[in-house]
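# Coordinates in review
Each chain is listed here by its residues.
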Amino acid sequence: MKLYDTHCHLCCSPLLEKADEIINECIKQNILINNVGVDLKTSKICVEQANNYENCYAIIGVHPSDVVDPNNEIKQIEMLCKNKRVVGIGETGLDYHYSPYDKEKQIKSFINHINLSKKIKLPLVVHTRDAAEDTYKILKENAKNQKILIHCFSGNKNELMNYLSIGCYISISGIITFKKSNELREMIHLIPKDKLLIETDSPYLAPVPYRGKECMPYYVRETFQMIQRELQIDETTLSTQIFKNSIHFFDINK
């Protein structure tokens, strides 16, 4: 069974120091990975790592909480996009969780990433935390006819339906395995099967039975198994569908 962890952070500590070992283990377990940058430094690392491994791709951008200079940052991200191992722009978006935050800078950076995604025809990977209304509004107004992935979805039904209404793909993380995630397990039935992707967000959000520990990309298997049990779809059928969704979204020839 081939799986695709569409979002992990091997470019950051504590996984950076053992990234080669982790990527090789993913090769053994037949798992593709997207290594996702959160700023200019880690985006450059993602590209370097993707160049070294056939099963590793890069998604580059500046996380909303890490935005400093939106216009300068997007110019440098665009330069990095010349590398063919870059398959997406992000993670970008809005994060109003921790105060203080600069809402104006976040929105500027978000729109810059959307415009770059449109310009160079790469899909957009979106982070949103405590900012669903603004995220949806900005995407609806600025990202028409673009490939959009809502990374690590954990919102409510109304938010899900809003994202689906503008054609977004939805990525599910290990959160779905948590005991208190009943609502998310119910909402998984509402996601069209051709819009569903999976991820780990390593080193964060380790699924049960690893919860509380350092998350690894190959723990995507536990997330898949929970979704498969919830949907009661044959394992091979579902894994084939999700993998197909992933390579289609990121335009990868596998």
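Relevant structure appears above.
Just so we're clear, the structure is a prediction, and the values are computed from it rather than from any experiment.

## Let's talk about helix H5 (residues 132–142)
For an α-helix the count is 3.6 residues per turn, leaving residues at separations of three or four pointing the same way. Buried within H5 are the following residues: Ala132, Thr135, Tyr136, Ile138 and Leu139. Angularly, the buried residues of H5 cover 165° about the axis, an arc narrow enough to put them on a single face. Turned more than 90 degrees away from the buried face of H5, the exposed residues are Glu133 and Glu141. In this structure, the buried side of H5 is in contact with strand S4 (86–95), helix H4 (103–120), strand S5 (124–129), strand S6 (148–150) and helix H6 (157–165).

## What about helix H2 (residues 40–52)?
Between its first and last C-alpha, H2 extends 19 Å over 13 residues, near the 18 Å set by a 1.5 Å rise per residue. Taken residue by residue, H2 has Leu40, Thr42, Ser43, Ile45, Cys46, Val47, Gln49 and Ala50 as its buried positions. At its buried positions, H2 is contacted by helix H1 (19–28), strand S2 (31–36), strand S3 (56–60), helix H3 (70–80) and S4. Where H2 begins, one side-chain oxygen reaches toward the backbone nitrogen of lysine 41, 3.3 Å away; that side chain belongs to aspartate 39.

## A closer look at the sheet that holds S2
Sheet strands pair by backbone hydrogen bonding; their relative direction is either parallel or antiparallel. Strand order in the open sheet formed by eight strands is S1-S2-S3-S4-S5-S6-S7-S8, with parallel pairing between adjacent strands. The outermost strands of the open sheet, each flanked by one partner alone, are strand S1 (3–8) and strand S8 (196–198). Strand-to-strand, the axes of this sheet are offset by a mean angle of 30°, without reference to chain direction. Sheet topology note: the S6/strand S7 (residues 169–172) ladder contains two bridges and is parallel.

## Side note on the side chain of histidine 127
Within the secondary structure layout, histidine 127 lies in strand S5. Residue histidine 127 is classed as buried on the basis of its relative accessible area of 11%. At a separation of 3.5 Å, a polar atom in the side chain of histidine 127 contacts the side chain of histidine 63. A distance of 3.1 Å separates polar atoms of two side chains, one belonging to histidine 127 and the other to glutamate 91. Leave out the neighbours within four places in its chain, and histidine 127 touches His63, Pro64, Glu91, Thr92, Gly93, Leu94, Asp95 and His151.

## A closer look at the pattern of salt bridges
Enumeration over the complete set of coordinates arrives at three salt bridges. Glutamate 214 is paired through a salt bridge with lysine 18; the nearest N and O atoms lie 2.6 Å apart. Of this pair, glutamate 214 sits in the loop between S8 and helix H8 (220–231) while lysine 18 is found in the loop between S1 and H1, placing the two residues 196 residues apart along the sequence. Glutamate 214 sits in the partly exposed class, given a relative accessible area of 28%.

## As for the side chain of asparagine 55
Positionally, asparagine 55 belongs in the loop between H2 and S3. A distance of 3.2 Å separates the side chain of asparagine 55 from the backbone oxygen of isoleucine 31, its partner in a polar contact. The residues touching asparagine 55, leaving out its near neighbours within four places in the chain, are Ile23, Cys26, Ile27, Ile31, Leu32, Ile33 and Arg85.

Rules used in this analysis
- Residues numbered from 1 in each chain as written.
- Predicted model: local features only at pLDDT ≥ 70, side-chain atom pairs only at ≥ 80, totals over all residues.
- Heavy atoms only, no water.
- Buried < 20%, exposed > 50% of the residue type's maximum accessible area, 1.4 Å probe, protein only.
- Helix = DSSP H or I, 4+ residues; strand = E, 2+ residues; numbered from the N terminus.
- Arc of directions from axis to C-beta.
- Contact = heavy atoms within 4.5 Å.
- Expected span 1.5 Å × (residues − 1).
- Polar contact = N/O pair within 3.5 Å; in protein donor to acceptor, adjacent residues only side chain to side chain.
- Pairing = 2+ DSSP bridges.
- Axes fitted to C-alpha atoms, helices over the stretch in contact; angles between N-to-C directions.
- Salt bridge = Lys/Arg side-chain N within 4 Å of Asp/Glu carboxyl O.

Read these as geometric descriptors, not functional statements.
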